[in-house]
Amino acid sequence: MIADNIAVLKKTIARTARDFGQAEEICLIAVSKQQDEAKIAEALIAGQRVFGENRVQEAEERWTSRRDAYSDLELHLIGPLQTNKVRDAVALFDVIETIDREKLADTVRAEYDRQNKTPVCFIQVNTGAEDQKAGVSLAGLPALLEHCRAIGLRIEGLMSIPPVDEPAGLHFALLKKIAAEHGLAKLSMGMSGDFEKAIALGATHVRLGTAVFGARNLKVAQ
Ligand SMILES: *Cc1c(COP(=O)(O)O)cnc(C)c1O
């Protein structure tokens, strides 16, 4: 069942990219937070290797033991990161999508040196200027990017989560525009409910949870 979901989603992703002239290959991040172990095992058997998690500790419980068995695993942190969790996050994740302030950038950079890992980072942008949401403000982005460049933390792209009560397309288009202005190639945007629109507007990464696995089980690792 998970294998079927993934196969159908991959076809839809490829077709949407073609229809909208987005030639590039689009990365399906299977968001495994709060999903049952059996479903994750199914996804792995189906060949899925890119997974997203929003909490460091939950991700450790789920993935640390699997890293050895799947050397080609690619884990993305897509939730807010506290500086006291950076050491664990750097040890586990291949991509940190949620850099959103200078202190966090500094801490991640130092930890990459300490653990001798190559940074792959995105900056999360709070395009809807929502108080409760993580992400740097639109106004704060240029300075944060400059800071990251100055300290040698390579930023490959931007990530955002549009406000639920606004048309997502406006936010996707805005994120694409500011990424282009700053010469950033990668865009993590689009979730189960709006990934086709995100692809039409230039997403290179889509983060799909319920579309891959079904409804989340709130009792898992919470
Ligand atoms: C949970 C989550 C997703 C997946 O959401 P679905 O609607 O289940 O696809 C995507 N992005 C982030 C940042 C998330 O926290």
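Rules used throughout
Residues numbered from 1 in each chain as written. Predicted model: local features only at pLDDT ≥ 70, side-chain atom pairs only at ≥ 80, totals over all residues. Heavy atoms only, no water. Near = heavy atom within 4 Å. Polar contact = N/O pair within 3.5 Å; in protein donor to acceptor, adjacent residues only side chain to side chain. Areas by Shrake-Rupley, 256 points an atom, 1.4 Å probe, with all protein chains shown as cover. 1 Å grid on protein atoms, 1.4 Å probe; cavity = no way out; pocket = protein on both sides within 12 Å on 5 of 7 lines; lining within 4 Å. Points joined across faces, edges and corners; volume = space filled by probe spheres on them. Nonpolar A, V, L, I, M, F, W, Y, C, P; charged D, E, K, R; others polar. Helix = DSSP H or I, 4+ residues; strand = E, 2+ residues; numbered from the N terminus. Buried < 20%, exposed > 50% of the residue type's maximum accessible area, 1.4 Å probe, protein only. Pairing = 2+ DSSP bridges. Right-handed = clockwise from strand over helix to strand, strands pointing away. Phe/Tyr/Trp six-rings, centres within 6.5 Å; stacked < 30°, edge-to-face > 60°. Lys NZ or Arg CZ within 6 Å of the ring centre and 35° of its normal. Salt bridge = Lys/Arg side-chain N within 4 Å of Asp/Glu carboxyl O.

*Asks:* Mind showing me how you'd approach the site of the ligand here?
*Replies:* Taken together, the neighbourhood of the ligand is formed by Val 31, Lys 33, Ile 78, Met 159, Ile 161, Met 191, Ser 192, Arg 207, Leu 208, Gly 209, Thr 210 and Arg 216. One of the side-chain N or O atoms of Ser 192 is found 2.5 Å from an oxygen atom in the ligand. One of the backbone nitrogen or oxygen atoms of Thr 210 is found 2.8 Å away from an oxygen atom of the ligand. Protein contacts shield 89% of the accessible area of the ligand, which totals 390 Å² for the unbound molecule.

*Asks:* I keep staring at the layout of surface pockets and nothing clicks. Help me out?
*Replies:* Size it by volume and the largest pocket reaches roughly 280 Å³. A class-by-class count of the residues in the lining of the largest pocket yields six nonpolar, seven polar and four charged. A volume near 230 Å³ is recorded for the second largest pocket. Every residue along the wall of the second largest pocket is listed here: Lys 10, Ile 13, Ala 14, Ala 17, Arg 18, Gln 22, Ala 23, Glu 25, Ile 26, Cys 27, Leu 28 and Gln 48. Where the lining of the second largest pocket is concerned, the elements lending two or more residues are helix H1 (2-19) and strand S1 (27-31). Take the lining of the second largest pocket: its biggest share by element is five residues, from H1. Taken together, the residues of the lining of the second largest pocket sort by class into seven nonpolar, two polar and three charged.

*Asks:* Explain the pairing of strand S4 (residues 95-99) to me, please; I cannot follow it from the model alone.
*Replies:* Moving residue by residue along a regular strand, the side chains alternate between the two faces of the sheet. Counting buried residues along S4, five of its five residues qualify, which places the element largely inside the surrounding structure. Judged from the two bridges that link them, strand S3 (residues 74-77) and S4 form a sheet pairing that is parallel. Each residue of the ladder has a partner; that of Leu 77, found in S4, is Ile 96. Note that the unit made of S3, helix H4 (residues 86-92) and S4 has a crossover that is right-handed. Bridge analysis of S4 against strand S5 (residues 121-124) gives two bridges, and the strand direction is parallel. When the bridges of S5 are listed, Ile 96 appears paired with Cys 121. Read from S4 through helix H5 (residues 102-115) to S5, the crossover connection turns out right-handed.

*Asks:* Sorry, what's going on with the packing of aromatic side chains here?
*Replies:* The description of two aromatic rings rests on the distance between their centres and on the angle between their planes. Taken as a whole and judged by the stated rule, the model has one aromatic pair. Ring geometry for Phe 51 versus Trp 63: centroids 4.5 Å apart, planes at 40°, classification tilted. Of this pair, Phe 51 sits in strand S2 (residues 50-53) while Trp 63 sits in helix H3 (residues 56-63), and the two are twelve residues apart along the sequence. Judged by relative accessible area, which is 0%, Trp 63 ranks as buried. It is Arg 66 that lies over the ring of Trp 63; its NZ or CZ is 5.5 Å from the centre.

*Asks:* Looking at this model, I keep getting lost on the pattern of salt bridges. Mind explaining?
*Replies:* For side chains of opposite charge, pairing can occur when their charged atoms come near one another. A complete count under the given rule lists 14 salt bridges for this structure. A salt bridge links Arg 62 to Glu 37, with the shortest nitrogen-to-oxygen separation between them at 3.7 Å. One end of the pair, Arg 62, is in helix H3; the other, Glu 37, is in helix H2 (residues 37-45), and 25 residues separate them in sequence. The class of Glu 37 is partly exposed, set by a relative accessible area of 40%. Residues Glu 181 and Lys 177 are paired through a salt bridge, measuring 3.1 Å at the closest nitrogen-oxygen approach.

*Asks:* I'm lost on unusual backbone geometry in this one. Help?
*Replies:* Keep in mind that most residues, glycine aside, have a negative phi and that most peptide bonds are trans. Phi angles above zero are rare outside glycine, and Asn 116 is one such case at about 55°. Structurally, the position occupied by Asn 116 is in the loop between H5 and S5. A positive phi is found at Ala 129, a non-glycine position, where the angle reads about 50°. Here Ala 129 lies in the loop between S5 and helix H6 (141-151).

*Asks:* Would you take a moment to explain the pairing of S3 for this structure?
*Replies:* As defined by bridge partners, S2 adjoins S3 across four bridges and the pair is classed as parallel. Its bridge partner being in S3, Glu 53 is matched across the sheet by Leu 77. In the classification by handedness, the crossover that spans S2, the intervening H3 and the parallel S3 is right-handed.

The values are spatial; any link to function lies outside them.
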